[in-house]
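# Fold and geometry: a report
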Amino acid sequence: RIAIQWVSSHASQHEMIQAGLRGLERAIRNYDTDHGAKFSVYARYWIVEEIRQEHRKHAFIGHVPKGKAYQLKQYEEHVEELSQKLKRPPKREEIMEKTGWSLKVIASLEAANMMKVR
């Protein structure tokens, strides 16, 4: 159901479902009961994250300047690293501390990262 809302002219339903399954697999692999989060919440985060990445891969082709695309990729890598370390999505302040980027830069990257078709 989550994957279907991301289907667009850029990516097929099959691609979105496959991305969601990758997210579920990742959640199963990395879930730790000691951190107190419910598995359903943790799994949903990773399912949506994988679907977003798949959507971006198709939607941004030719639409993002090279420098911005590189910075967005760095942002995603930092978020991934912090998420693994913290066992939860990182807060803006934690991303700022890790990267040295301003709140304005983080907010613009978050906006680009959150683009989604409804």
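Everything here concerns the structure above.
### Examining the pattern of salt bridges
Per the stated rule, a full pass over the model turns up nine salt bridges. We note a salt bridge from R52 to E49, for which the minimum N-O separation is 3.9 Å. Of the two residues, R52 and E49 are both situated in helix α2 (residues 39-59); the distance of three residues between them amounts to about one turn of the helix. Here the two residues R52 and E49 agree in accessibility, since each one is buried. Each of R22, R26, E50, E54 and E80 takes part in one network of salt bridges that share partners.

### Examining unusual backbone geometry
In this model, K87 sits at a positive phi of 60°, which is unusual for a non-glycine residue. Along the chain, the position of K87 falls in the loop between α3 (66-86) and α4 (92-99).

### With respect to the environment of T99
Within the secondary structure, T99 is located in helix α4. Between the C-alpha atom of T99 and that of Y75, which follows or precedes it by 24 residues, the distance is 8.4 Å. Once you skip the residues sitting within four places of it in the chain, T99 turns out to touch H78 and I106. At a separation of 2.8 Å, a polar atom in the side chain of T99 contacts the main-chain carbonyl oxygen of I95. Of the polar contacts made by the side chain of T99, one reaches the backbone nitrogen of W101; its length is 3.1 Å.

### Some words on the side chain of S83
Mapping S83 onto the fold places it in helix α3. Beyond its immediate chain neighbours, meaning those up to four positions away, S83 contacts Y45, W46, R88, P89 and P90.

### Some remarks on helix α1 (residues 13-30)
Here α1 spans 26 Å end to end across 18 residues, near enough to the 26 Å set by a 1.5 Å rise per residue. Considered for burial, the residues of α1 that qualify are M16, A19, G20, G23, R26, A27 and N30. Looking straight down α1, one finds that the buried residues subtend no more than 115° of arc, so they occupy a single side. Facing away from the buried side of α1, by more than 90 degrees, are the exposed residues H14, E25, I28 and R29.

### Quick word on the packing of aromatic side chains
This structure, assessed with the given rule, holds four aromatic pairs. Taking the centre distance of 6.4 Å and the plane angle of 70° together, the rings of Y42 and W46 count as edge-to-face. Of this pair, Y42 and W46 are both found in helix α2, four residues apart, which corresponds to roughly one turn of the helix. Following the ring pairs from residue to residue traces out a cluster consisting of Y31, F39, Y42, Y45 and W46.

### Describing the nonpolar core
Within the largest apolar cluster, nine residues are counted, these being L72, Y75, V79, L82, I95, W101, I106, L109 and A112. Listed by contribution, the elements that provide at least two residues to this core are α3 and α5 (103-113). Ranked by residue count, the leading element in this core is α3, at four residues.

### Thoughts on the environment of R22
Mapped onto the elements, R22 comes out in helix α1. Judged by relative accessible area, which is 36%, R22 ranks as partly exposed. Placed 25 residues apart in sequence, R22 and I47 show a C-alpha to C-alpha distance of 7.2 Å. In this structure, R22 is in contact with E50 and E54, ignoring residues within four places of it in sequence.

Analysis parameters
Residues numbered from 1 in each chain as written. Predicted model: local features only at pLDDT ≥ 70, side-chain atom pairs only at ≥ 80, totals over all residues. Heavy atoms only, no water. Salt bridge = Lys/Arg side-chain N within 4 Å of Asp/Glu carboxyl O. Helix = DSSP H or I, 4+ residues; strand = E, 2+ residues; numbered from the N terminus. Buried < 20%, exposed > 50% of the residue type's maximum accessible area, 1.4 Å probe, protein only. Contact = heavy atoms within 4.5 Å. Polar contact = N/O pair within 3.5 Å; in protein donor to acceptor, adjacent residues only side chain to side chain. Expected span 1.5 Å × (residues − 1). Arc of directions from axis to C-beta. Phe/Tyr/Trp six-rings, centres within 6.5 Å; stacked < 30°, edge-to-face > 60°. Core = buried A, V, L, I, M, F, W, Y, C linked by side-chain atoms within 4.5 Å.

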